[in-house]
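What follows is the residue order along each chain.
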Amino acid sequence: MHTDETQEFLASLPELEEGKTYHFKCYPGIECFNACCSDLDMVLTPYDIMRMRAALKMSSIDFLRVYTVGHRASDTNFPIFKFRMTDDAARTCAFVTDKGCRIYNDRPGACRMYPLGRATKPDGKGGVAEQFFVVKEPHCRGFLEKDEWTGASWKNDQGFQEYTASNDRYMYILSKIKQEGRPVSDKMSHMATLAMYKIDEFQRFITKMRLFDRVEVDEKRQKAILDNEQVALAFAMDWFELMLFHDTSKLKTKGVTPRGPACKS
Ligand code: SF4
Ligand code: SF4
């Protein structure tokens, strides 16, 4: 599902208002076990991809080739990668097994939040306000169980908190591109693929292109960016916002224009 379509889909569902609860439990042995792990139309975020790749010990190039289908959004020209299902009639997820998810600890954020959908909007104070929606599919028997959750307690229980900072930032970048009303250039789209979805390649690009000669990053952070993909992804978003929106609030150039030959917008 396109990210805009995701927002529209969520808006069509009943909202789980703050403090309101729903009943749900999912476990091996429930009669519908694994029924929700097929025929998915799911956009993977950069953080999802980074976590899944780490669990599988795969390079970004191999991961994107094997487990995703990429395209550029028709309105923004921004690269989007969707989760690839198997080619058979059932279109199952490649990671589903009789015992459950093979990458459970690093499953995508949308899998964690299910059966809730989560949407965010700016809260007017520099942060985001979140809304939860209940995705009540007829085949899901988990709603008949006794366990009771609010949106916030489900989010914490499922370990989604680790995903919020990066995913919310990603959604902010997508919505800002859309607000600006003009598609990104092919060159910037290519750079977004590198910086957001191919973090291992981006780390090599930083060294090869001597990126730290052009932006203000202290030595400690430079090392962390090159050593740690999560830190590199946060830097990639800073860098992308600098390149695309000329936003210097998080990253500043060293007095040279950010429009170098490798990153011209
Ligand atoms: S359909 Fe619902 S209860 Fe069944 S496995 Fe999926 S999430 Fe769990
Ligand atoms: S990643 Fe895991 S939880 Fe998500 S659809 Fe695949 S098997 Fe199911």
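Quantities reported herein were computed from a predicted structural model and do not represent experimental measurements.

Re the nonpolar core
Thinking step 1. Counting residues in each nonpolar core, the largest one holds 36 residues, and the members touching the most others are Ala195, Ala236 and Phe240.
Thinking step 2. Of all the secondary-structure elements, those providing two or more residues to this core are strand E3 (43–44), helix H2 (46–56), helix H3 (60–67), strand E5 (79–83), helix H6 (161–180), helix H7 (186–197), helix H8 (199–208) and helix H10 (229–245).
Thinking step 3. With 10 residues, the top contributor of residues to this core is H10.
Thinking step 4. Both of domain 1 (3–161) and domain 2 (184–245) provide at least three residues apiece to this core.
Thinking step 5. Those residues within four positions of Phe240 in sequence are excluded, and the remaining contacts are Ile173, Ala192, Ala195 and Met196.
Thinking step 6. Core analysis: the second largest hydrophobic core is formed by 10 residues, Ala110, Cys111, Phe132 and Trp149 among them.

Observations regarding the packing of H2 against H10
Thinking step 1. Between H2 and H10, whose axes approach to 11 Å, the crossing angle comes to 160°. Considering their axes alone, H2 and H10 lie roughly antiparallel with respect to each other. Between H2 and H10 lies a crossing whose hand is right-handed. Facing Pro46, Tyr47 and Met50 of H2, the residues of H10 in contact are Glu229, Gln230 and Leu233.
Thinking step 2. Among the residues making up the contact of H2 with H10, the classes are represented as 4 nonpolar, 1 polar and 1 charged.

As for the site of ligand 2
Thinking step 1. Cys37, Leu40, Cys93, Phe95, Val96, Cys101, Ile103, Arg107, Pro108 and Cys111 make up every residue found near ligand 2.
Thinking step 2. Considered class by class, the residues forming the shell around ligand 2 number 9 nonpolar, no polar and 1 charged.

Brief notes about unusual backbone geometry
Thinking step 1. With an omega of 15°, the peptide bond between Tyr114 and Pro115 qualifies as cis.
Thinking step 2. Look at Asp39: it is not a glycine, yet its phi comes out positive at around 50°.
Thinking step 3. Position of Asp39 relative to the elements: it lies in the loop between strand E2 (22–23) and E3.
Thinking step 4. Using a count of 11 C-beta atoms within 10 Å as the deciding quantity, one classes Asp39 as exposed.

Description of the domain arrangement of the protein chain
One frequently used descriptor of interface size is the decrease in accessible area upon assembly of the parts.
Thinking step 1. With domains assigned, the protein chain is organised as domain 1 (3–161) and domain 2 (184–245).
Thinking step 2. Averaged C-alpha coordinates put domain 1 and domain 2 at centres separated by 26 Å.
Thinking step 3. If you look at the interface, domain 1 gives 14 residues, while domain 2 gives 13 residues.
Thinking step 4. Taken together, the elements giving at least two residues each to the side of domain 1 that touches domain 2 come down to H2, H3 and E5.
Thinking step 5. Counting residues per element, the side of domain 1 that touches domain 2 draws most heavily on H2, which supplies 4 residues.
Thinking step 6. A class-by-class count of the residues in the side of domain 1 that touches domain 2 yields 9 nonpolar, 4 polar and 1 charged.

Basis of the calculations
Residues numbered from 1 in each chain as written. Chains lettered and ligands numbered in written order. Predicted model: local features only at pLDDT ≥ 70, side-chain atom pairs only at ≥ 80, totals over all residues. Core = buried A, V, L, I, M, F, W, Y, C linked by C-beta atoms within 7 Å. Buried ≥ 20, exposed ≤ 12 C-beta atoms within 10 Å, placed from the backbone. Helix = DSSP H or I, 4+ residues; strand = E, 2+ residues; numbered from the N terminus. Domains from an automatic or database assignment. Contact = placed C-beta atoms within 7 Å. Axes fitted to C-alpha atoms, helices over the stretch in contact; angles between N-to-C directions. Parallel < 35°, antiparallel > 145°, perpendicular 65-115°, else oblique. Left-handed = near helix turned anticlockwise from the far one by under 90°. Nonpolar A, V, L, I, M, F, W, Y, C, P; charged D, E, K, R; others polar. Near = placed C-beta within 6 Å.

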